[in-house]
Amino acid sequence: MADEKSSDSVPQTELSSGVENLKIENGQKENGDTNKTDKVKVDILLKATGDAPIMKKKKWAVDAEKPIGWIIEFVKKYLKLEPDEKLFLYVNQTFAPSPDQIIKNLYECFGTDGKLVLHYCKSQAWG
């Protein structure tokens, strides 16, 4: 029939495998109304370790394509640290990811309970 849609078309709301647990910024829409400007977000839980000041807000939704270096700079600004002060981030209290590591990759490998847990401190703690 002329009214039938081609089975070759792929809905815009499909996400690549391994990313389905991530949140979409403007809410998850199943009716095809999403556009290409929707950003995938990852929930990040930031926990203070050692001598680091405690953040009032601990859970953040961050763009999955941001590098860890962006998180480090964000936390430094939020805590109003001096530009020359160091800040170390650790994934699950085990290792320090490189600043160019993408958040989405860390979440896919080390995320638990729908979030990525990052510990921050002003001096080296683990790793």
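These lines cover the structure that appears in this document, whether it is placed above or below. Predicted model, so just to flag it, every value in this text is computed and none were measured.

Let's talk about the pattern of salt bridges
Right, so step 1: Within the structure shown, the criterion is met by 2 salt bridges.
Right, so step 2: For the salt bridge of lysine 104 with glutamate 65, the shortest nitrogen-to-oxygen distance reads 3.2 Å. Residue lysine 104 is found in helix 2 (residues 103–110), and its partner glutamate 65 is found in the loop between strand 3 (59–63) and helix 1 (68–78); the two are separated by 39 residues along the sequence.
Right, so step 3: On the basis of relative accessibility, which here comes to 22%, the residue lysine 104 falls in the partly exposed class.

Focus on the packing of aromatic side chains
Right, so step 1: Across all of its chains, the model carries 5 aromatic pairs by this definition.
Right, so step 2: Ring geometry for tryptophan 70 against phenylalanine 74: centres 5.7 Å apart, planes inclined by 10°, an arrangement best described as stacked. Of the two residues, tryptophan 70 and phenylalanine 74 are both situated in helix 1; the distance of 4 residues between them amounts to about one turn of the helix.
Right, so step 3: Within the aromatic cluster, the residues linked to one another by ring pairs are Trp60, Trp70, Phe74 and Tyr78.
Right, so step 4: Its end group placed over the ring of tryptophan 60, lysine 57 keeps NZ or CZ at 4.3 Å from the ring centre.

Side note on helix 1
Right, so step 1: Listed as buried for helix 1 are Ile68, Gly69, Ile71, Ile72, Val75 and Lys76. Looking straight down helix 1, one finds its buried side chains confined to an arc of 160°; they lie on one side.
Right, so step 2: Contact partners of the buried residues in helix 1: strand 2 (40–48), strand 3, strand 4 (88–91), helix 2 and strand 5 (116–121).
Right, so step 3: A positive backbone phi angle near 55° is found at lysine 80, which sits one or two residues after helix 1.

As for the nonpolar core
Right, so step 1: Counting residues in hydrophobic clusters, the biggest one holds 23 residues, and the most contacted among them are Ile44, Leu46, Ile71, Leu118 and Tyr120.
Right, so step 2: At the level of elements, strand 2, strand 3, helix 1, strand 4, helix 2 and strand 5 are the ones that each hand at least two residues to this core.
Right, so step 3: In terms of residue count, helix 1 provides more of this core than any other element does, 4 residues in total.
Right, so step 4: Residue contacts for leucine 46: discarding those within four places in its chain leaves Met55, Lys58, Trp60, Ile71, Val75, Leu89, Leu118 and Tyr120.

Section: the pairing of strand 5
Right, so step 1: Strand 5 sits mainly inside the fold: 6 of its 6 residues count as buried.
Right, so step 2: The alternating pattern of strand 5 places Leu116, Leu118 and Tyr120 on one face and Val117, His119 and Cys121 on the opposite face, and all of these are buried.
Right, so step 3: Where strand 2 meets strand 5, 5 bridges bridge the pair, whose relative direction is parallel. For leucine 45, the partnering residue across the bridge sits in strand 5 and is valine 117.
Right, so step 4: Bridge count between strand 4 and strand 5: 4 bridges; the pairing is antiparallel. Within strand 5, the residue paired with tyrosine 90 across the bridge is histidine 119.

Rules behind the numbers
- Residues numbered from 1 in each chain as written.
- Predicted model: local features only at pLDDT ≥ 70, side-chain atom pairs only at ≥ 80, totals over all residues.
- Heavy atoms only, no water.
- Salt bridge = Lys/Arg side-chain N within 4 Å of Asp/Glu carboxyl O.
- Helix = DSSP H or I, 4+ residues; strand = E, 2+ residues; numbered from the N terminus.
- Buried < 20%, exposed > 50% of the residue type's maximum accessible area, 1.4 Å probe, protein only.
- Phe/Tyr/Trp six-rings, centres within 6.5 Å; stacked < 30°, edge-to-face > 60°.
- Lys NZ or Arg CZ within 6 Å of the ring centre and 35° of its normal.
- Arc of directions from axis to C-beta.
- Contact = heavy atoms within 4.5 Å.
- Core = buried A, V, L, I, M, F, W, Y, C linked by side-chain atoms within 4.5 Å.
- Pairing = 2+ DSSP bridges.

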